[in-house]
Amino acid sequence: MTQLTMAKAITAGLRKAMEDDPKVVLFGEDIGRLGGVFRVTDGLQKDFGEHRVMDSPLAESGIVGTAVGLAMRGYRPVVEIQFDGFVYPAFDQIVSQVAKMHRRTEGLLMMPIVVRIPYGGGIGAVEHHSESPEAYFTHTAGLRVLSPSDPQAAYLTIQQAIACDDPVVYFEPKRRYWDKGDVDLSIDATDLAQVPGPWRARLVRRGTDVTVACYGPMVRTCLEAAEASADVSLEVIDLQSLSPLDMDTVVSSVERTGRLVVVHEATANGGLGAEVATRVTERCFYSLEAPVLRVAGFDVPYPPSRLEEHFLPNLDRVLDAVDRAMAF
Amino acid sequence: MTTERVPAAAAVQLLTPEGERVPHPDYDISLSDDVLRDLYRDMVLVRRLDTEATALQRQGELGLWAPCLGQEAAQVGSGRAMHENDFAFPTYRDHGVAWARGVAPLEILAMFRGVTNGGWDPIRKRCAPYMIVIGNQALHGVGYGMGIQLDGAEEAVVAYFGDGATAEGDVNEAFVFASVYNAPVVFFCQNNQWAISQSQERHSRVPIYERAAGFGFPGVQVDGNDVLAVMAVTAHALDRARSGDGPTLIEAYTYRMGAHTTSDDPTRYRHANEVEVWRLRDPIERLKVFLARQGIADRAYFDVVEHEADELAILVRDGVRSMPEPSIDAIFDNVYAEPHPLMEEQRRTLHAYEASFADGAGA
């Protein structure tokens with residue numbers, strides 16, 4: 001076991017993927033000499049060369065659009081979008097090309113592209129640096145969407161995303177980049193006989209009264225809420241795979257607890273919480289003792305940073321929802 | 001509204017509209033009689049394919065067609081300049097390019113029939129599927145070209161787009177990426193004068209080929225209705241690309257003789273006399289005159305090609321009408337390369353729903 005921050009765990013995962021497969025190339029703004037604004041690609045250009053870790057022009061559509069061409073040539077591009085709020089220029093390429101090329105060519109072309117996006121708030125940033133745009137991508141057929149919540153998961157899932165023949169939008173919870181955790185670097189992430197694949201939810205804390213489903217930056221928040229909850233026992237599920245959703249894990253938990261609270265930073269309206277709630281209602285309506293409740297960002301543009309503590313779901317808001325679920 | 005537009009004086013031309021061969025100091029080309037005859041044949045067959053497809057749309061057999069009428073020289077000339085391992089990134093109108101890459105006529109028509117969104121094997125044909133989103137493919141071409149560089153291969157890419165696409169961010173980003181990475185890409189812009197109803201003044205203040213200079217690579221305008229000049233200029237640019245000298249922008253100055261698509265009505269935005277002027281610059285007629293005058297082809301040859309075109313027309317008509325309907329499974333096939341729970345769940349749901357009709361009519 002090695003103690004690593006989540007950022008360094010992703011670096012280690014990227015390094016391992018590049019060692020394992022010479023077709024893996026990294027591409028993005030400031031990822032080479034600088035090592036990325038969050039240093040996630042630190043040292044990789046030095047070790048793998050400028051031809052495999054390429055600083056790109058400052059043009060997000062160009063980054064993803066050229067990744068499509070690289071994939072057509074047989075490469076496995078891992079591109080970095082510097083911040084969540086800067087992915088939108090690339091939205092057209094991601095939705096119209098990355099997501100659809102495999103289908104368009106009736107399976108003849110693969111798009112094994114990973115789009116890494118540091119996302120979420122809580123770091124006191126200026127506008128466009130704290131957003132949670134994952135629902136745009138989970139709504140798009142042809143894409144897979146992952147978000148790790150701790151260093152060990154990050155180390156494994158980044159490698160699994162790269163090994164996947166489908167495109168993966170990989171949301172990295174930037175405020176957890178500096179969280180440390182034990183990472184077993186000896187695990188072979190792509191040996192799916194030994195380790196579970198990434199497309200599953202993780203039961204990260206057992207409980208009996210209320211299931212709390214969350215992902216990315218909210219997993220730590222929800223675990224802290226579970227610790228703080230004296231009277232009500234919370235079962236915490238890290239969804240991890242936002243598309244496809246692993247509903248079996250959620251449903252089997254809700255069948256035991258009878259209550260579900262879904263937590264995410266992203267705005268509530270049309271978000272993942274709505275999808276999880278609907279599917280739970282469809283699959284285990286008679287197990288529910290209370291309506292599925294959401295704790296999410298308000299339906300406003302991300303506020304100026306001095307207000308973000310009031311916008312972001314936190315321990316108290318999670319517990320407030322738990323109380324409402326219990327009181328129903 | 002319809003000021004007559006003509007190529008720049010610098011536009012490369014090897015064959016005048018009257019079919020007269022003229023020399024050029026930089027781009028002269030010496031082609032065998034066989035190649036010259038083949039270029040003629042290609043253009044005639046592509047035009048017939050195009051004409052038949054337009055008719056099939058009118059008969060309700062195709063959902064839509066984007067005619068390439070008038071642009072055969074630009075497409076065939078550039079397509080035939082490519083080596084076997086070069087890779088084309090065409091738009092939805094580039095039937096002459098697909099043809100030159102060896103894509104079968106019915107493969108071209110399949111997406112317009114609505115049985116697929118693609119139609120051919122892009123890797124085997126070295127030809128990407130038609131791109132409908134304007135300009136997206138320019139970046140794909142550059143990325144593919146960067147892959148060629150990483151592989152150290154002597155291959156090149158031709159990325160096709162139209163005059164309207166030059167206003168798109170993706171095309172401009174493609175210019176930047178190709179330039180700074182010195183990617184082996186030929187940007188081939190068919191300036192057919194009309195982006196649906198909008199003329200070039202809405203897309204560029206300067207001639208399109210001149211914009212290359214600002215991105216740091218050469219731009220050249222070619223008479224897009226002169227198949228010899230197009231082939232010469234494209235072959236030259238491809239050679240540059242393959243030998244590591246980077247990208248080139250070619251502006252093929254041509255004209256969209258037909259509608260934007262079969263859903264369009266060009267009489268609302270352009271005068272018939274403009275079309276008539278361009279009819280005198282027809283790409284096929286000028287090569288035919290040249291071949292006949294030079295004694296490279298005679299009446300018998302032209303008749304053979306005409307007969308071949310008639311047979312192609314029959315093949316296209318019969319082939320389109322008898323194209324198999326896709327199975328409903330195709331809705332869920334290949335959305336993902338790896339197993340995906342929603343695909344299987346929803347596939348089962350649809351099958352069960354279709355089977356629930358007592359007469360099986362739904363299935």
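This is a predicted model, so every value here is computed, not measured. (Residues numbered from 1 in each chain as written. Chains lettered and ligands numbered in written order. Predicted model: local features only at pLDDT ≥ 70, side-chain atom pairs only at ≥ 80, totals over all residues.)

### Let's talk about the sheet that holds strand E12 (residues 241-243) of chain A
Residue and element names in this part refer to chain A. Inclusion rule: Strands were regarded as paired on the criterion that DSSP finds at least two bridges between them. Think of it this way: any DSSP run of H or I at least four residues long counts as a helix, any run of E at least two long counts as a strand, and we number them from the N terminus. Axes here mean lines fitted to C-alpha atoms, for a helix over just the part in contact, with angles spanning 0 to 180 degrees between N-to-C directions. Whether two residues are in contact depends on their C-beta atoms, placed from the backbone: they are in contact if these lie within 7 Å.
Overall, mixed pairing links the 7 strands, which are arranged E3-E2-E4-E5-E7-E6-E12 in an open sheet. Edge positions in the sheet fall to strand E3 (53-55) and E12, since each has one partner strand and no second. Taken over all neighbouring pairs, the strand axes of this sheet differ in orientation by 20 degrees on average, direction set aside. The strands touched by helix H3 (residues 60-72) are strand E2 (24-28), strand E4 (76-80) and strand E5 (114-119); relative to E4, the strand with the most contacts, the crossing angle is about 170 degrees.

### What about unusual backbone geometry?
Going by this rule: Think of it as a crowd count around each C-beta: if 20 or more other C-beta atoms lie within 10 Å the residue is buried, if 12 or fewer it is exposed, and in between it is partly exposed, with C-beta placed from the backbone throughout.
For the bond from Ser243 of chain A to Pro244 of chain A, the omega torsion is 0 degrees, close enough to zero to count as cis. By the element assignment, Pro244 of chain A lies in the loop between E12 and helix H9 (247-257). For Gln193 of chain B, which is not glycine, the phi torsion reads 80 degrees and is therefore positive. Tracing the backbone through its elements, the reader meets Gln193 of chain B in the loop between strand E3 (185-191) and helix H8 (211-215). By the C-beta count within 10 Å, which is 20 here, Gln193 of chain B ends up buried.

### Quick look at the interface of chain A and chain B
Definition in use: Three residue categories are used. Nonpolar comprises Ala, Val, Leu, Ile, Met, Phe, Trp, Tyr, Cys and Pro, charged comprises Asp, Glu, Lys and Arg, and polar comprises the others, including Gly.
Counting residues at the interface gives 34 residues for chain A, matched by 33 residues for chain B. Where the side of chain A that touches chain B is concerned, the elements lending two or more residues are H3, helix H4 (91-98) and helix H5 (101-104) of chain A. The greatest single-element share of the side of chain A that touches chain B, amounting to 9 residues, is contributed by H3 of chain A. Class assignment of the residues belonging to the side of chain A that touches chain B gives a composition of 13 nonpolar, 14 polar and 7 charged.

### Topic: H3 of chain A
Residues and elements named next belong to chain A. Condition: A helix is expected to reach a length of 1.5 Å times the quantity of its residues less one.
Here H3 contains 13 residues, and its C-alpha end-to-end distance of 19 Å stays within 8% of the 18 Å for a straight helix at 1.5 Å per residue. H3 sits mainly inside the fold: 13 of its 13 residues count as buried. Phi turns positive one or two residues past the end of H3, at Gly74, with a value near 105 degrees.

### Points about the environment of Val176 of chain B
All names here are of chain B. Relative to the helices and strands, Val176 is located in helix H7 (residues 169-181). Classification of Val176 by C-beta neighbours within 10 Å gives partly exposed; the count is 17. Residues Val176 and Asp298, 122 residues apart in the sequence, show an inter-C-alpha distance of 48 Å.

### Observations concerning the nonpolar core
One recurring pattern in soluble globular proteins is that nonpolar side chains are buried together. How we decide: The nonpolar core criterion groups buried Ala, Val, Leu, Ile, Met, Phe, Trp, Tyr and Cys residues into a set whenever they are joined through C-beta atoms within 7 Å.
Cys222 and Val261 of chain A together with Ala159, Val186 and Ile250 of chain B are the most contacted members of the largest nonpolar core, which has 196 residues in total. Looking at which element gives the most residues to this core, the answer is helix H9 (residues 227-242) of chain B, with 10 residues. Excluding residues within four positions of it along the chain, Cys222 of chain A makes contact with Val212, Cys214, Val236, Val263 and Val318 of chain A.

### Looking at the confidence of the model for chain B
Here is the rule: pLDDT: the predictor's confidence for each residue, scored from 0 to 100.
With 97% of its residues at a pLDDT of 70 or more, chain B shows a mean pLDDT of 95. The ipTM, which scores confidence in the relative placement of chains, is 0.97 for this predicted complex, and the corresponding pTM is 0.97.

### Some remarks on the domain arrangement of chain A
Residues and elements named next belong to chain A. The cut-off we apply is this: Where each domain starts and ends follows an automatic or database-derived domain assignment.
Looking at the assigned domains, one finds that chain A contains domain 1 (2-183) and domain 2 (202-327). For domain 1 versus domain 2, the distance between C-alpha centres works out to 26 Å. Elements that contribute at least two residues to the side of domain 1 that touches domain 2 include exactly helix H6 (134-138), strand E6 (144-146) and strand E7 (168-173). Across the side of domain 1 that touches domain 2, the residue classes tally to 9 nonpolar, 9 polar and 6 charged.

### Points about the sheet that holds E3 of chain B
Adjacent strands of a sheet form backbone hydrogen bonds with each other and so pair up, either parallel or antiparallel. All names here are of chain B. Reading across from one edge, E1-E2-E3-E5-E4 is the order of the 5 strands in this open sheet, with parallel pairing throughout. One side of each edge strand has no neighbouring strand; the edge strands of this open sheet are strand E1 (87-89) and strand E4 (219-223). Going from strand to strand, the sheet's axes swing by 20 degrees on average, the running direction of each strand aside. This element, H9, spans E3, E4 and strand E5 (248-253) of the sheet and lies at about 170 degrees to E5.

### Side note on the packing of H3 of chain A against helix H6 (residues 136-151) of chain B
What counts here: In what follows, roughly perpendicular refers to angles from 65 to 115 degrees, roughly parallel to angles under 35, roughly antiparallel to angles over 145, and oblique to any angle outside these ranges. Should the near helix be turned anticlockwise from the far one by less than a right angle, the crossing is left-handed, and should it be turned clockwise, the crossing is right-handed.
Contact geometry for H3 of chain A and H6 of chain B: axes closest at 6 Å, N-to-C directions at 55 degrees. If you check the angle between H3 of chain A and H6 of chain B, you find them oblique. H3 of chain A and H6 of chain B meet at a crossing whose hand is right-handed. Of the residues in H6 of chain B, those touching H3 of chain A at Ser61, Gly62, Gly65, Thr66, Ala67, Val68, Gly69, Leu70 and Met72 of chain A are Asn136, Leu139, His140, Gly141, Val142, Gly143, Tyr144, Met146 and Gly147 of chain B.

### Let's talk about helix H11 (residues 283-293) of chain B
Residues and elements named next belong to chain B. We apply this condition: The directions from the helix axis to the C-beta atoms are what the arc is built from.
Burial in H11 covers these residues: Pro283, Ile284, Arg286, Leu287, Phe290 and Leu291. Along the axis of H11, the buried positions cluster into a sector of 165 degrees, meaning they face one direction only. Directly beyond the C-terminal end of H11, a positive phi value near 70 degrees is found at Gly295.

### Notes on the domain arrangement of chain B
As far as domains go, chain B holds domain 1 (33-321) and domain 2 (327-363). Between the C-alpha centres of domain 1 of chain B and domain 2 of chain B there is a distance of 38 Å.

### Here we look at the pairing of strand E11 (residues 234-238) of chain A
All names here are of chain A. What counts, and what does not: A right-handed crossover is one whose linking path, passing over the helix from the first strand to the second, runs clockwise when the strands point away from the viewer.
Across the 5 residues of E11, 5 count as buried, placing the element largely inside the fold. Judged from the 3 bridges that link them, strand E9 (residues 202-205) and E11 form a sheet pairing that is antiparallel. Within the sheet, the bridge partner assigned to Arg202 lies in E11 and is Asp238. Note: strand E10 (residues 210-214) against E11, 5 bridges, orientation parallel. When the sheet's bridge partners are listed, Thr211 is paired in E11 with Glu235. Considered for its hand, the β-α-β crossover made up of E10, helix H8 (residues 218-228) and E11 is right-handed.

### Concerning the environment of Ser197 of chain B
Residue and element names in this part refer to chain B. In this fold, Ser197 is placed in the loop between E3 and H8. According to the C-beta neighbour criterion, Ser197 is partly exposed, with 13 such atoms within 10 Å. Note: C-alpha distance between Ser197 and Tyr269 (72 residues apart in sequence) is 5.9 Å. When near neighbours in sequence (up to four residues on either side) are disregarded, Ser197 contacts Arg268 and Tyr269.

### Comments concerning the packing of H6 of chain B against H7 of chain B
Residues and elements named next belong to chain B. Between H6 and H7, the least distance of the axes is 7 Å, while the angle of their chain directions is 15 degrees. Judged by the angle between their axes, H6 and H7 are roughly parallel. Crossing of H6 over H7 shows left-handed handedness. Where H6 approaches H7, its residues Asn136, Ala138, Leu139, Gly141, Val142, Gly145 and Met146 are matched on the opposing element by Asp170, Val171, Glu173, Ala174, Phe177, Ala178 and Tyr181. Residues belonging to the contact of H6 with H7 are distributed by class as follows: 9 nonpolar, 3 polar and 2 charged.

### Concerning the pairing of E5 of chain B
All names here are of chain B. With 6 of its 6 residues buried, E5 lies for the most part within the structure. Of the two faces of E5, the one carrying Thr248, Ile250 and Ala252 and the one carrying Leu249, Glu251 and Tyr253 are both buried. By the bridge criterion, 6 bridges tie E3 to E5 in an arrangement that is parallel. Bridged to Val186 within E5 is Thr248. Relative to E5, E4 runs parallel, the two sharing 5 bridges. Across the sheet, Val222 pairs through a bridge with Ala252, a residue of E5. For the segment spanning E4, H9 and E5, crossover handedness is right-handed.

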